[in-house]
Amino acid sequence: MKNRTLLMIPGPVEFEPKVLAALGEPTTSHLAADFVEAFGQALQDMRGVFESPSGQPMVLAGSGTLAMDCAAANLVKPGDKALVVDTGYFSERFAAILQRYGAIVTRITAPAGSRPSLGQVKAALELDTYKLITITHVDTSTAVIAEVEQLAALGRQYGCLVIVDGVCSVAGEALKMDAWGVDLALTASQKAIGVPPGLALLMIGHRAIAAFEKRSLPVLNYYADWTNWLPVMQAYAARKPSYFGTPPVNLIFALHVSLKQILEEGMKKRIARHITISQACKAGIKALGLTQIPFQPEFAAHTLTAPRYPIGVDGPEFLGKVLQSCVTLAGGLLPSMRGEYFRIGHMGAVTLADVLATISAIETALSGCGYEFTPGIGVDAARVAGKKLAR
Ligand code: PMP
């Protein structure tokens, strides 16, 4: 593919050829036997990827924001109290969605690039009674990772439903939904799940289902109402066709292929690979003398890296020069510091070679912008940190 650029943004990412091939297959009926089997198997495989043997999987046509909207619409009624552990732009989006359905939202905040402490969250839980707590596992705007296991335990201790936005984490970061007591986790297809944009994925635990079943008011979102979708998901899981809205047939075939590949790699190995890839990328950036957004290394996600531009380097000029080396990176996202940093996504099918090509493109762009460093120092550091993945 002569004109291809390497897509290293935090979603969409590079996809496996077999996944992409599924998108080009002739579209079958959503009631056809081969589709029913693929959808049923994909729903089953989602349990393995979310590490939730007891969860209820759900797949809808839409993006990650729809998955958030769907969780809020079905679990919130006007006047419910929700606690949002705020680690950036996407935590704030969750707060806005919850408010749209009438929730009274309290946000526990921290400076950009940091995260609220467990003590802060516990203090808030002591002060009031919340129906639910939301945690953004990886806030893609800041590259900050939340302590999901500990926060979920706290949420449970105080009787909350624990909701995890895993859009930038599921299949890339450790998330053991059942073992950690997460009641609902959601994601989208275009990141570590490894399928082009277009699918909203939810895994709903039995406590969330029970809360939904206790509702006395209708869900204020017709499309996302679980009353419509639960019977459809249960039918396909039992290998029976069903209908509420036409499913995105080819995307679901692609999801079936990708989930199978993920489980074949194995969750443990896959998460370890993401950690090593992340270490390689971060080592390369550090060796070049660039600092990164998360304040402390233990706050930093493994699915993306958020380096700050060195003084004197202009963001748009730099990103344009990276693109000239056939690598696409993303700019900053958090409004308060948007122009100060850029983002490198490294999840899903990403390889060490992709990271080395990316660091090399960054070196070329930095030197084109007049920044001085020892040529090759970033690539060398990344190669050393990632050597476990070399063949
Ligand atoms: N949450 C997080 C953590 C995300 O990274 C994103 C997308 N970048 C979203 C939610 C929203 O997903 P989408 O863009 O697919 O609607």
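Residues numbered from 1 in each chain as written. Predicted model: local features only at pLDDT ≥ 70, side-chain atom pairs only at ≥ 80, totals over all residues. Heavy atoms only, no water.

With that out of the way, let us pick up the packing of aromatic side chains. Tallied over the full model, the rule gives 13 aromatic pairs. Here the aromatic rings of Tyr89 and Phe90 are separated by 4.9 Å at their centres, their planes lie at 80°, and the arrangement is edge-to-face. The class for Tyr89 is partly exposed, based on a relative accessible area of 25%. The class for Phe90 is buried, based on a relative accessible area of 18%. Measuring from ring centre to ring centre gives 5.0 Å for Trp229 and Phe244, while their planes differ by 90°; the resulting arrangement is edge-to-face. (Phe/Tyr/Trp six-rings, centres within 6.5 Å; stacked < 30°, edge-to-face > 60°. Buried < 20%, exposed > 50% of the residue type's maximum accessible area, 1.4 Å probe, protein only.)

Bringing unusual backbone geometry into the picture now. Working note: non-glycine residues mostly have negative phi, and peptide bonds are mostly trans. Gly11 connects to Pro12 through a cis peptide bond whose omega is -5°. The residue Pro12 is located in the loop between strand S1 (6-7) and helix H1 (17-23) in this model. Its identity as a non-glycine residue notwithstanding, Ala143 has a phi of 65°, on the positive side. For Ala143, the position within the fold is in the loop between strand S6 (138-139) and strand S7 (144-145). Look at Ala143 and you get buried, because its relative accessible area is 1%. Positive phi, normally seen in glycine, also occurs at Cys326, with a value near 70°. (Helix = DSSP H or I, 4+ residues; strand = E, 2+ residues; numbered from the N terminus.)

The subject of this paragraph is the domain arrangement of the chain. In terms of domains, the chain is made up of domain 1 (6-11 + 266-390) and domain 2 (17-265). Between the C-alpha centres of domain 1 and domain 2 there is a distance of 28 Å. The interface is formed by 28 residues belonging to domain 1 together with 30 residues belonging to domain 2. Of the roughly 2,500 Å² buried between domain 1 and domain 2 on both sides combined, carbon and sulfur atoms contribute 62%. Its largest share of buried area at the contact with domain 2, domain 1 owes to Met267, Arg270 and Phe299, together 24% of the area lost on that side. Counting across the domain 1 and domain 2 interface gives two salt bridges. For the side of domain 1 that touches domain 2, the element with the highest residue contribution is helix H11 (residues 267-287), accounting for six residues. Of the residues contributing to the side of domain 1 that touches domain 2, the split by class is 17 nonpolar, six polar and five charged. (Domains from an automatic or database assignment. Contact = heavy atoms within 4.5 Å. Buried area = accessible area lost by both parts, 1.4 Å probe. Salt bridge = Lys/Arg side-chain N within 4 Å of Asp/Glu carboxyl O. Nonpolar A, V, L, I, M, F, W, Y, C, P; charged D, E, K, R; others polar.)

Let us now look at the sheet that holds strand S14 (residues 342-345). Note on sheets: strands pair through backbone hydrogen bonds, and any given pair is parallel or antiparallel. With respect to topology, three strands assemble into an open sheet ordered S11-S14-S13, the strand pairing being antiparallel. The open sheet has two edge strands, strand S11 (304-305) and strand S13 (330-331), and neither has a second partner. By the bridge criterion, two bridges tie S13 to S14 in an arrangement that is antiparallel. Counted as the bridge partner of Gly331 is Phe342 from S14. (Pairing = 2+ DSSP bridges.)

Moving on, we come to the side chain of Thr187. Its place among the elements puts Thr187 in strand S9 (residues 184-188). Thr187 has contacts with Phe50, Ala67, Gly166, Val167, Val170, Ile193, Leu199, Ala200 and Leu201, leaving out every residue within four places of it along the chain.

Glancing now at helix H13 (residues 352-368). A rise of 1.5 Å per residue sets the reference length of H13, with its 17 residues, at 24 Å; its end C-alpha atoms lie 24 Å apart and thus fit the reference within 8%. Along H13, the positions that sit buried rather than exposed are Leu352, Asp354, Val355, Leu356, Thr358, Ile359, Ala361, Ile362, Glu363, Ala365 and Leu366. Elements that come into contact with the buried residues of H13 comprise S1, H11, helix H12 (315-324), strand S12 (327-328), S14 and helix H14 (377-385). (Expected span 1.5 Å × (residues − 1).)

What follows is about H11. Each turn of an α-helix holds 3.6 residues, which means side chains three or four residues apart point in the same direction. The terminal C-alpha atoms of H11 lie 30 Å apart, and with 21 residues this matches the ideal 30 Å at 1.5 Å per residue to within 8%. Positive phi shows up at Gly289, right after H11, with a value of about 90°.

Right, let's get into the site of the ligand. Residues in contact with the ligand amount to 13 residues; listed here are only the nearest, Ser63, Thr65, Thr140, Asp165 and Lys191. A distance of 2.8 Å is found between an oxygen atom of the ligand and a backbone nitrogen or oxygen belonging to Gly64. Burial of the ligand by the protein chains amounts to 86% of its free accessible area of 390 Å². Only helix H3 (64-75) and helix H4 (89-100) provide two or more residues apiece to the shell around the ligand. Of the residues forming the shell around the ligand, the biggest block, three residues, is contributed by H3. (Near = heavy atom within 4 Å. Polar contact = N/O pair within 3.5 Å; in protein donor to acceptor, adjacent residues only side chain to side chain. Areas by Shrake-Rupley, 256 points an atom, 1.4 Å probe, with all protein chains shown as cover.)

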